[in-house]
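Secondary and tertiary structure notes
Listed below are the residues making up each chain.
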Amino acid sequence: MRARLARRGLEWMRAAVAETPADVVRRYNLACGYAALGEDDAAYAELAKSLEQDRSGRVFEAVTKDAEWARWRTAERFQKLLARHDPAVDAAYARGRELQVAVDRMGNNQAIAENLRQAIAAYRTVVAARPDFHPAWWNLAVCCHRLGALTDSVEDRRSWWQSAREAYREAANAPRAGAATWQAWGRFETREMGVLLAGNSAAQEQVLREGREILEEALRRTDTAGDRARVQLDLAATEVRLGRLAPGTQDRLRWFEQAVARLHEVLKRDELAATATPYALWGLAQLEMGRLQRNRLVLRSAVERLLTATERAPTDPEIRYNLACTYALLAQADEALRHLQICLENDPNRRFATVAEADRDFDNIRNLPAFAELLRSTTGAEVVMPGPAPARISDY
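Worth saying up front: this structure is predicted, and the values here are computed from it rather than measured. Counting restarts for each chain, with residues numbered from 1 along the sequence as it is written. The predicted nature of this model means local features are confined to residues of pLDDT at least 70 and side-chain atom pairs, given and counted, to a pLDDT of 80 or more, with totals for whole chains, interfaces and linings taken over all residues. Hydrogens and water molecules were not included; the side-chain quantities draw on all heavy atoms of the structure.

Structural notes on the overall build of the chain
Rules: Secondary structure elements follow DSSP: runs of H or I no shorter than four residues count as helices, runs of E no shorter than two count as strands, and numbering proceeds from the N terminus. Only C-alpha atoms enter the radius of gyration, while the globule expectation follows 2.2 Å times N to the 0.38, with N the number of residues. The buried label goes to any residue with under 20% of its type's maximum accessible area, the exposed label to any with over 50%, and the partly exposed label to all in between, with areas taken from a 1.4 Å probe on protein chains only.
Scanning the chain from terminus to terminus reveals 20 helices and zero strands. Over its C-alpha trace the chain gives a radius of gyration of 29 Å, far above what one expects of a compact globule, namely 21 Å for 396 residues. Projected onto its principal axes, the C-alpha positions of the chain cover 105 × 40 × 40 Å. For the chain, with 396 residues in total, the buried portion stands at 48%.

Set out below in structure tokens:
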């Protein structure tokens, strides 16, 4: 008799939910009815819907207390369901976003770092409860990435960036992750991690290859022509770096040729053709190819590409340095010295002056008094030249 009454009550509750499907209380009562009768799958489905619909937190509070759910509370499926709707987890995510957004209004690195640490702690709370929640993984990756960039300690940077790598990976593999997440992950691997591992060629090559695979996945997921071109640009930059690391001449040439083929496609997009980066990469690839093949025609083509890059970024020291190297290999001393001077005048940290002292590309002009005088006399004071702001290869 009692079972028949329970069944009849369940039918009434079904009818009530069908009449007003948005009524959270009626749906929760239906879930309780199913649970009381041992119809676990139906109970779980209705409970999930009621938690999804509820914005007040009352259903969550009730389900943690009501006796109907006592035998469920140790079940993994039930715990995961509650974690997805726990108001405390929502609050932790909101707190993380608040801290992260506030960073953009701060000017003090110490305060920025503290905010980022607190945001990271909040996001870690969220992903522990909701391991498939893409926004929390994404923001966790961004905060770890940024915090690593702020620190002066190589070991601390390595630690934070390893955490960023793991978070980017989880974000990319979370439900509803798009091509942009894969591209950001690939960029992080090929840029930050690639630079961090400089000096360890084997490790650097491995991370660049892994980053290239990630960018290839981003390309497969990208639909629009403009976005595809930007991923192709990232891939071209990665392939140039891989070419410079490859041990054999044929492997190096293959990477550079692959990069140039991609850049042909990239330059079909007017918004990218207006920037320095594609031309700078193309010129660098041809500089490397011309040197390997001792091919003056390829070197002259590199000059053309690099000159186009300087029109778009007149004070970029890296582009000027590569142009100076190319002219030196062509034994055009005056042009080599002119571009090297512009490079050094826009290199306050004198990074390129140090490299130039031992760079064999300058062997044709090394014995010229003007070369030695240039390296000795350049103060590193920045010279501002007319034209658009520089677009560094590392910042496109």
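On we go.
Overview of the environment of A83
Filter applied, for reference: What makes two residues a contact is simply this: any of their non-hydrogen atoms within 4.5 Å.
Looking at where A83 falls in the secondary structure, it is placed in helix α5 (residues 76-84). The class of A83 is buried, set by a relative accessible area of 14%. In this structure the C-alpha to C-alpha distance between A83 and F60, which are 23 residues apart in sequence, comes to 9.9 Å. Once residues within four sequence positions are removed from consideration, A83 is found in contact with V89, A129 and R130.

A few points about the packing of helix α16 (residues 296-312) against helix α17 (residues 317-329)
When two helices pack together, their arrangement is given by the angle between the helix axes and the distance between those axes. Rules: Angles run from 0 to 180 degrees between N-to-C directions of axes, and those axes are lines fitted to C-alpha atoms, restricted for helices to the stretch in contact. Any angle between 65 and 115 degrees counts as roughly perpendicular, while under 35 counts as roughly parallel, over 145 as roughly antiparallel, and the rest as oblique. Helix crossings are classified by the rotation of the near helix relative to the far one: an anticlockwise turn of less than a right angle makes the crossing left-handed, while a clockwise turn makes it right-handed. Throughout, the ten residues Ala, Val, Leu, Ile, Met, Phe, Trp, Tyr, Cys and Pro are labelled nonpolar, Asp, Glu, Lys and Arg are labelled charged, and all others, Gly among them, are labelled polar.
Running from N to C, α16 and α17 cross one another at 155 degrees; their axes reach a closest spacing of 9 Å. In terms of orientation, α16 and α17 fall into the roughly antiparallel class. Between α16 and α17 lies a crossing whose hand is left-handed. On α17, the residues that touch R296, L299, A302, V303, L306, L307, A309 and T310 of α16 are I319, R320, N322, L323, T326, Y327 and L329. Of the residues belonging to the contact of α16 with α17, the class tally is 10 nonpolar, three polar and two charged.

Structural notes on unusual backbone geometry
Phi at R176 takes a positive value of approximately 70 degrees, unusual for a residue other than glycine. Here R176 shows up in the loop between α9 (154-173) and α10 (179-196). Of note, A331 is a non-glycine position whose phi angle comes to about 60 degrees, a positive value. Looking at the element boundaries, A331 is found in the loop between α17 and α18 (333-345).

Here's the deal with α17
Test applied: Every helix has an expected span of 1.5 Å times one less than the residues it contains. Residues adjacent in sequence count toward polar contacts only when both atoms are side-chain atoms; beyond that, a polar contact is any pair of N or O atoms within 3.5 Å, and within protein one must be able to donate a hydrogen and the other to accept it.
Taking 1.5 Å per residue as the helical rise, α17 with its 13 residues ought to reach 18 Å, and the 18 Å between its terminal C-alpha atoms agrees with that figure. Most of α17 is tucked away, with 11 of its 13 residues classed as buried. When α17 is considered as a whole, its buried residues turn out to be P317, I319, R320, Y321, N322, L323, A324, C325, T326, Y327 and A328. In this fold, the buried residues of α17 make contact with α15 (277-293), α16, α18 and α19 (351-358). Capping the start of α17, D316 holds a side-chain oxygen 2.9 Å from the backbone nitrogen of E318, two or three residues further along. The first or second residue beyond α17 is A331, which carries a positive phi of 60 degrees.

Comments concerning the layout of surface pockets
For clarity, the threshold we go by: In the cavity and pocket records, a cavity denotes points on a 1 Å grid over the protein atoms alone where a 1.4 Å probe fits but cannot get out, a pocket denotes an open set with protein on both sides within 12 Å along at least 5 of 7 lines, and lining residues are residues with an atom within 4 Å of a point. Grid points are joined across faces, edges and corners, and a volume is the space filled by probe spheres set on the points.
Here the largest pocket defines a volume of roughly 1300 Å³. Along the walls of the largest pocket sit 40 residues, with V195, R241, R244, E318 and R351 positioned nearest its centre. The biggest single contributor to the lining of the largest pocket is α10, with six residues. Among the residues forming the lining of the largest pocket, the class breakdown is 18 nonpolar, seven polar and 15 charged. In this structure, the second largest pocket occupies an estimated 420 Å³ of space. Lining the second largest pocket we find 18 residues, and of these E52, R84, H85, D90 and R130 sit closest to its centre. Of all the secondary-structure elements, those providing two or more residues to the lining of the second largest pocket are α3 (40-53), α6 (87-103) and α8 (134-150). Looking at the lining of the second largest pocket residue by residue, the classes come out as six nonpolar, four polar and eight charged.

Concerning the side chain of R252
Relative to the helices and strands, R252 is located in helix α13 (residues 249-266). Judged by its relative accessible area of 18%, R252 is buried. Setting aside chain neighbours within four positions, we find R252 in contact with G243, R244, A246, E288 and L292.

Topic: the environment of G243
Residue position: G243 is located in helix α12 (residues 225-245). Along the backbone, G243 and M289 are 46 residues apart, and their C-alpha atoms lie at a distance of 9.6 Å. Apart from residues lying up to four places away in sequence, G243 is in contact with R252, W255 and F256.

A few points about the confidence of the model for the chain
Defined as follows: On a scale of 0 to 100, pLDDT captures the predictor's confidence in every residue.
Residue-level pLDDT values for the chain average 87, and 93% of them are 70 or greater. When pLDDT is averaged over each element of the chain, α16 comes out on top at 98 and helix α1 (residues 2-19) at the bottom at 67. With pLDDT under 50 throughout, residues 379-396 is counted as low confidence; its partners more than four residues away or in other chains account for 49 contacts.

Overview of the pattern of salt bridges
To keep it simple, the criterion reads: Note on definitions: salt bridges are taken to be side-chain nitrogens of Lys or Arg within 4 Å of carboxyl oxygens of Asp or Glu.
Considering all chains together, one arrives at 29 salt bridges under this definition. For D234, the salt bridge identified is with R191, shortest N-O distance 3.3 Å. Of the two residues, D234 is situated in helix α12 and R191 in helix α10; the sequence distance between them amounts to 43 residues. R191 shares its class with D234; the two are buried. A salt bridge links R212 to E239, with the shortest nitrogen-to-oxygen separation between them at 3.0 Å. A residue pair is termed long-range when its members are at least 10 positions apart, and R212 in helix α11 (residues 201-221) and E239 in helix α12 qualify at 27 residues. Pair check on accessibility: R212 and E239 agree, each one buried.

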